[in-house]
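Breakdown of the fold
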Amino acid sequence: QIVLQEDNLGKEKFHIINGIIDAGDFIGASGEIFKTKKGEISLLVSDFTILAKALRPLPEKWHGLKDMETRYRQRYLDILSSQDVKKVFIFRSNFIKALREFYWNHGFIELETPILANTASGALAKPFKTHHNALGIDLYLRISVGELWQKMALIGGFEKTFELGRVFRNEGIDPSHLQEFTAVEHYVAYWNYEDNM
């Protein structure tokens, strides 16, 4: 948080702030750090420099973006104009961190298995198909997270494996069903369904 006061900046610089700087501009600021009456650490600005100018005005901050098309096509604007949307991204990042830590703390190793596959297996979904020029063969983007590879790792002696990765399904799309998404799978030797639960 920065605090701008005419007494500290001088009349000319203070009026530059009011007349030239808009929401979305980037500025560099220097000054003295202090705590506000509410205990927030803030910078009392004694000098500033304009680093980058926003070419277009930002969406209205208090109400966020209303046009759903713009929200989905320009996610950066949606994040910038809505703290609730930003919190979803932060929650997802923290959730993935906690998920990995859970597996690591329980003796699992994380695998990274191929995304391109000879056959589309592991789920009943329509795959994305591509062509591998160097090998002269058609391949598929995986529709599940390394199921067969993790089972082969079990045979090879890794008793607890997991993978958190991207999967691709060439099917319908809506806000809750994307064609590319993150999934997690784990495999453990000698566990029954109760152990998995």
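Above this note sits the structure.
Bear in mind that the values here come from a model prediction, so they are computed numbers and not experimental data.

Cut-offs used in this document
Residues numbered from 1 in each chain as written. Predicted model: local features only at pLDDT ≥ 70, side-chain atom pairs only at ≥ 80, totals over all residues. Heavy atoms only, no water. Pairing = 2+ DSSP bridges. Helix = DSSP H or I, 4+ residues; strand = E, 2+ residues; numbered from the N terminus. Polar contact = N/O pair within 3.5 Å; in protein donor to acceptor, adjacent residues only side chain to side chain. Contact = heavy atoms within 4.5 Å. Buried < 20%, exposed > 50% of the residue type's maximum accessible area, 1.4 Å probe, protein only. Arc of directions from axis to C-beta. Expected span 1.5 Å × (residues − 1). Patch = residues over 30% accessible without salt bridge, like charges linked within 9 Å, V, L, I, M, F, W, Y side chains within 5 Å. Areas by Shrake-Rupley, 256 points an atom, 1.4 Å probe, with all protein chains shown as cover. Salt bridge = Lys/Arg side-chain N within 4 Å of Asp/Glu carboxyl O.

1. A closer look at the sheet that holds strand S1 (residues 2-3)
Read from one edge of the open sheet, three strands run S1-S3-S2, paired in mixed fashion. The outermost strands of the open sheet, each flanked by one partner alone, are S1 and strand S2 (26-35). Here S1 runs beside strand S3 (residues 41-52); their pairing, made up of two bridges, is parallel. Bridge pairing in S3 places Val3 opposite Leu44.

2. As for the side chain of Glu163
The residue Glu163 is located in strand S8 (residues 160-168) in this model. Of note is the side chain of Glu163, whose polar atom sits 2.5 Å from the side chain of Thr113. The residues contacting Glu163, other than those within four sequence positions of it, are Leu111, Glu112, Thr113, Arg142, Val145, Gly146, Gln150, Ala183, Val184 and Glu185.

3. Some points on unusual backbone geometry
Located in the positive-phi region is Tyr190, a residue other than glycine, with phi close to 75°. Among the structural elements, Tyr190 can be located in the loop between strand S9 (180-188) and helix H7 (193-196).

4. Considerations on helix H6 (residues 147-155)
For H6, the set of buried residues is Glu147, Gln150 and Ala153. Projection of H6 onto a plane perpendicular to its axis shows the buried side chains occupying an angular sector of 120°, all on one side. Elements that come into contact with the buried residues of H6 comprise S8 and S9. At the C-terminal side of H6, Gly157 shows a positive phi close to 110°.

5. A short note on helix H5 (residues 83-105)
Since one α-helical turn is 3.6 residues long, residues separated by three or four positions face the same way. Taking 1.5 Å per residue, 23 residues should reach 33 Å; H5 reaches 32 Å between its end C-alpha atoms and fits that length. Along H5, the residues classified as buried are Val85, Ile96, Leu99 and Tyr103. For H5, the elements touching its buried residues are helix H3 (68-73), helix H4 (75-81), S8 and S9. Remark: Gly107 follows H5 within two positions and exhibits a positive phi of approximately 80°.

6. Points about a nonpolar patch on the surface
Together, Leu148, Trp149 and Met152 line one region of the surface with nonpolar side chains, adding up to about 320 Å² of accessible area. For Trp149, the location among the structural elements is in helix H6. Here Trp149 falls in the partly exposed class, since its relative accessible area comes to 44%.

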